[in-house]
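Breakdown of the fold
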Amino acid sequence: MKTQYYTATTIDGFIADEHNSLEWLFEVDQGGENPFAEFFAGIGAFAMGSTTYEWILAQEKALDNPAKWLEPYGDIPAWVFTSRDLPAVPGANLHFVRGEVAPVHQEMTAAANGKNIWLVGGGDLVGQFADEGLLDEVILGVAPVSLGKGAPVLPRRITSSRFTLTGARPIGQFAYLTYDVRPS
């Protein structure tokens with residue numbers, strides 16, 4: 001079982017623009033492949049920050065159409081880290097949490113039942129898992145886009161001694177890079 005950060009990033013290291021939009025991502029050619037489907041088949045639990053969750057609610061209109069959540073994620077349990085009260089997608093297996101990531105990671109590990117844990121983002125939330133030594137792998141789909149500013153992929157100083165490149169492959173216009181992450 002691994003705790004994985006799987007995300008798309010621009011070549012200048014941003015996962016969203018300065019307005020938390022991912023519109024840039026949908027303009028990039030995937031070459032007809034869907035690497036996410038293969039990745040998600042191995043996921044037993046996932047976590048995201050409130051900004052990511054709210055973007056999904058707004059972009060997919062998931063509160064009005066819960067199928068927009070349920071079709072990609074099914075009944076896989078999701079933890080949303082937030083300091084605010086947020087609406088829940090009807091029928092979704094959601095847990096709204098705040099505070100330290102380590103105890104939540106223990107809950108997620110139990111719920112994942114031997115499958116992997118996906119850290120959706122944002123980057124700061126993933127950084128908190130990395131700070132606690134709870135991040136095992138980073139998978140980046142690097143897109144040929146430059147935003148100049150926005151939400152960084154991982155706003156932490158983590159030196160190359162903690163990363164080991166284990167895979168690199170092109171898919172459409174993306175370069176998928178996979179790194180094992182060692183605890184500090």
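Up top is the structure these notes are about.
Predicted model, so just to flag it, every value in this text is computed and none were measured.

1. A word on the overall build of the protein
When helices and strands are tallied, the protein shows 5 helices and 10 strands. Computed over the C-alpha atoms, the radius of gyration of the protein is 16 Å, within 12% of the 16 Å expected from 2.2 N^0.38 for a compact globule of 184 residues. Over its C-alpha atoms, taken along the principal directions, the protein stretches across nearly 35 × 35 × 30 Å. Split into buried and exposed, the 184 residues of the protein put 45% on the buried side. By sequence separation, contacts in the protein at least 24 residues apart represent 73% of the contacts at least 6 residues apart. For the protein, the exposed surface amounts to about 9200 Å²; the carbon and sulfur share of it is 50%. Within the protein, one finds 12 positive and 22 negative side-chain charges whose respective centroids are separated by 5 Å.

2. As for unusual backbone geometry
A cis amide bond, omega 5°, links G121 with the succeeding residue G122. Relative to the elements of secondary structure, G122 occurs in the loop between β6 (116-121) and α5 (123-131). Positive phi is not limited to glycine here, since K61 has a value of about 55°. Here K61 lies in the loop between α2 (50-60) and α3 (67-73). Unusually for a residue other than glycine, N113 sits at a positive phi of about 55°. One can find N113 in the loop between α4 (101-112) and β6.

3. Notes on the pairing of strand β9 (residues 163-171)
In this sheet, strand β10 (residues 174-181) lies alongside β9 in antiparallel orientation, the contact comprising 8 bridges. Paired with G167 across the two strands is T178, which belongs to β10. Between the antiparallel neighbours β9 and β10 lie 2 residues, among them G172 with a positive phi of about 60°.

4. Brief notes about the sheet that holds strand β3 (residues 43-49)
An order of β5-β4-β3-β6-β1-β7-β10-β9 is seen for the 8 strands of this open sheet, with the pairing classed as mixed. A single partner strand is all that each edge strand has here, and the edge strands are β5 (94-97) and β9. With strand direction ignored, the average angle separating the axes of adjacent strands in the sheet is 20°. Where strand β4 (residues 78-81) lies against β5, 4 bridges are found, and the strand directions are parallel. In the sheet register, V80 faces β5, and the bridge partner there is F96.

5. Side note on the nonpolar core
In summary, soluble globular proteins display a tendency toward joint burial of nonpolar side chains. F46, M48, Y53, W69, V89, L94 and W118 are the most contacted members of the largest nonpolar core, which totals 34 residues. In this view, W118 contacts Q4, Y6, F36, F39, F40, I43, A45, F46, A47 and Y73; residues no more than four positions away in its chain are not counted. Of all hydrophobic cores here, the second largest spans 26 residues; its members include V101, L125, L134 and I158.

6. Quick notes on the pattern of salt bridges
Here the idea is simple: oppositely charged side chains can pair when their charged atoms come close. Summed over all chains, the structure comprises 4 salt bridges. A salt bridge links K2 to E137, with the nearest nitrogen and oxygen atoms 3.1 Å apart. Separated by 135 residues along the polypeptide, K2 in the segment before β1 (3-10) and E137 in strand β7 (residues 137-143) bring together distant segments of the chain. Relative accessible area serves as the criterion here: at 6%, E137 is assigned to the buried category. Across the salt bridge formed by E54 and R84, the nearest N and O atoms sit 2.9 Å from each other. Taken as a pair, E54 in helix α2 and R84 in the loop between β4 and β5 lie far apart in primary sequence, 30 residues in all.

What counts, and at which threshold
- Residues numbered from 1 in each chain as written.
- Predicted model: local features only at pLDDT ≥ 70, side-chain atom pairs only at ≥ 80, totals over all residues.
- Heavy atoms only, no water.
- Helix = DSSP H or I, 4+ residues; strand = E, 2+ residues; numbered from the N terminus.
- Rg over C-alpha atoms; globule rule 2.2 N^0.38 Å.
- Buried < 20%, exposed > 50% of the residue type's maximum accessible area, 1.4 Å probe, protein only.
- Contact = heavy atoms within 4.5 Å.
- Areas by Shrake-Rupley, 256 points an atom, 1.4 Å probe, with all protein chains shown as cover.
- Lys, Arg positive; Asp, Glu negative; His and termini not counted.
- Charge placed at Lys NZ, Arg CZ, Asp CG, Glu CD.
- Pairing = 2+ DSSP bridges.
- Axes fitted to C-alpha atoms, helices over the stretch in contact; angles between N-to-C directions.
- Core = buried A, V, L, I, M, F, W, Y, C linked by side-chain atoms within 4.5 Å.
- Salt bridge = Lys/Arg side-chain N within 4 Å of Asp/Glu carboxyl O.

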